[in-house]
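Examination of the molecular architecture
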Amino acid sequence: IVVVSALAGAVSLSAQTADEIVGKYVAAIGGKDAISQVKSVYSESSVTMMGGENPSTTTMVDGVGYKNETDVNGTKIVQCYTEKGGWIVNPMTGAANATPMPDDVYNAGKAQIKVGGALYDYAAKGGKVEMLGKDGTAYKIKLTSKENVETVYLIDSTSYFVTSVMSKGKMQGQDVAITTKLSDYRKTELGYVIPYAIDVDLGGQFQLTIAVKKVELNKTIDPAVFAMPK
């Protein structure tokens with residue numbers, strides 16, 4: 001009984017500690033007050049991949065949808081998530097027309113339709129967090145979503161910003177580890193803080209760098225932009 005209670009104590013301590021760190025991360029990106037004021041985010045970026053720079057736009061309405069469009073040599077690649085499902089257009093993989101997103105891809109990325117991301121209000125979304133220790137000076141926190149998608153976050157122990165996100169994805173039908181590094185955090189006029197530099201590595205096979213050029217909060221966006229083209 002003593003052993004069991006000691007283990008239970010250790011588990012609750014680790015859950016509480018992980019929860020506290022996530023709480024400090026939420027405070028670092030502006031806190032609930034600032035996050036709750038953001039109803040939509042529109043951004044323009046430059047995506048560097050395969051030696052070229054490509055213009056990209058991201059449109060997000062809180063709880064409604066998230067859409068990213070990147071122009072690669074005149075070809076548009078689109079990823080869109082809504083509350084009900086997702087769709088993609090990627091002529092480079094043979095999907096020249098909009099096609100429904102596979103469930104595993106949708107579940108891995110649907111947190112993007114919420115301001116604050118997957119860690120914000122994670123318990124209300126049915127997720128749980130766990131402390132995995134430290135990686136250098138960063139706390140290593142694992143989030144398991146309601147759909148059992150596991151994501152590991154490195155949260156800086158000084159700034160409490162997320163510096164790295166590790167997840168699993170697919171590339172040409174193969175499972176790959178995806179590492180996303182976030183930096184150059186900047187405060188918007190509403191106090192919500194956003195990373196302006198994002199580096200993505202897909203299993204060491206493919207890398208891309210995103211430099212955010214412009215961010216507009218609470219711009220009026222027609223939800224029809226998230227509808228899958230017929």
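Residues numbered from 1 in each chain as written. Predicted model: local features only at pLDDT ≥ 70, side-chain atom pairs only at ≥ 80, totals over all residues. Heavy atoms only, no water.

Leu-119, Val-129, Ile-141, Tyr-153, Ile-155 and Val-162 are the most contacted members of the largest nonpolar core, which has 52 residues in total. Ignoring any residue separated from it by four or fewer positions in sequence, one finds Ile-141 in contact with Ala-18, Ile-21, Val-22, Val-129, Glu-130, Met-131, Thr-151, Val-152, Tyr-153 and Ile-155. Residues Trp-87, Ala-98, Ile-221 and Phe-226 belong to the second largest nonpolar core, which totals eight residues. (Core = buried A, V, L, I, M, F, W, Y, C linked by side-chain atoms within 4.5 Å. Buried < 20%, exposed > 50% of the residue type's maximum accessible area, 1.4 Å probe, protein only. Contact = heavy atoms within 4.5 Å.)

Once that is clear, we can look at the packing of aromatic side chains. Following the criterion strictly, the structure yields four aromatic pairs and no others. Judged by centre distance (6.2 Å) and plane angle (15 degrees), the rings of Tyr-139 and Tyr-160 are stacked. Here Tyr-160 lies in the loop between β9 (150-156) and β10 (162-171) and Tyr-139 lies in strand β8 (residues 138-144), a separation of 21 residues in the sequence. Residue Tyr-139 is classed as buried on the basis of its relative accessible area, which comes to 18%. Between Phe-161 and Tyr-185, the aromatic rings sit 4.2 Å apart at their centres with planes inclined by 10 degrees, giving stacked as the arrangement. You can see Phe-161 sitting in the loop between β9 and β10 and its partner Tyr-185 sitting in strand β11 (residues 174-187), a full 24 residues away along the chain. Residues Phe-161 and Tyr-185 agree in their burial class; the two are buried. Three or more aromatic residues joined by ring pairs make a cluster, and in this case those are Tyr-66, Tyr-81 and Tyr-106. Its end group placed over the ring of Tyr-139, Lys-134 keeps NZ or CZ at 4.8 Å from the ring centre. Positioned above the aromatic ring of Tyr-196 is the side chain of Arg-186, whose terminal nitrogen or guanidinium carbon lies 4.2 Å from the ring centre. (Phe/Tyr/Trp six-rings, centres within 6.5 Å; stacked < 30°, edge-to-face > 60°. Helix = DSSP H or I, 4+ residues; strand = E, 2+ residues; numbered from the N terminus. Lys NZ or Arg CZ within 6 Å of the ring centre and 35° of its normal.)

With that out of the way, let us pick up the pairing of β9. By the criterion of burial, β9 is predominantly enclosed, with six of the seven residues buried. Where β8 folds back onto β9 in an antiparallel hairpin, the turn is made up of five residues, including Asn-148, whose phi is positive at roughly 70 degrees. As paired strands, β9 and β10 are joined by four bridges and run antiparallel to one another. Along β10, the bridge assignment pairs Ile-155 with Val-162. Connecting β9 to the antiparallel partner β10 that follows it, the hairpin turn spans five residues, and Tyr-160 within it adopts a positive phi of roughly 65 degrees. (Pairing = 2+ DSSP bridges.)

This next bit is on the pattern of salt bridges. Under the counting rule described, the total for this entry stands at eight salt bridges. Taking the shortest distance from any N to any O, the salt bridge between Glu-216 and Lys-214 comes out at 3.3 Å. Here Glu-216 falls in the partly exposed class, since its relative accessible area comes to 27%. Several salt bridges converge on common partners, so that one network encompasses Glu-44, Lys-214 and Glu-216. (Salt bridge = Lys/Arg side-chain N within 4 Å of Asp/Glu carboxyl O.)

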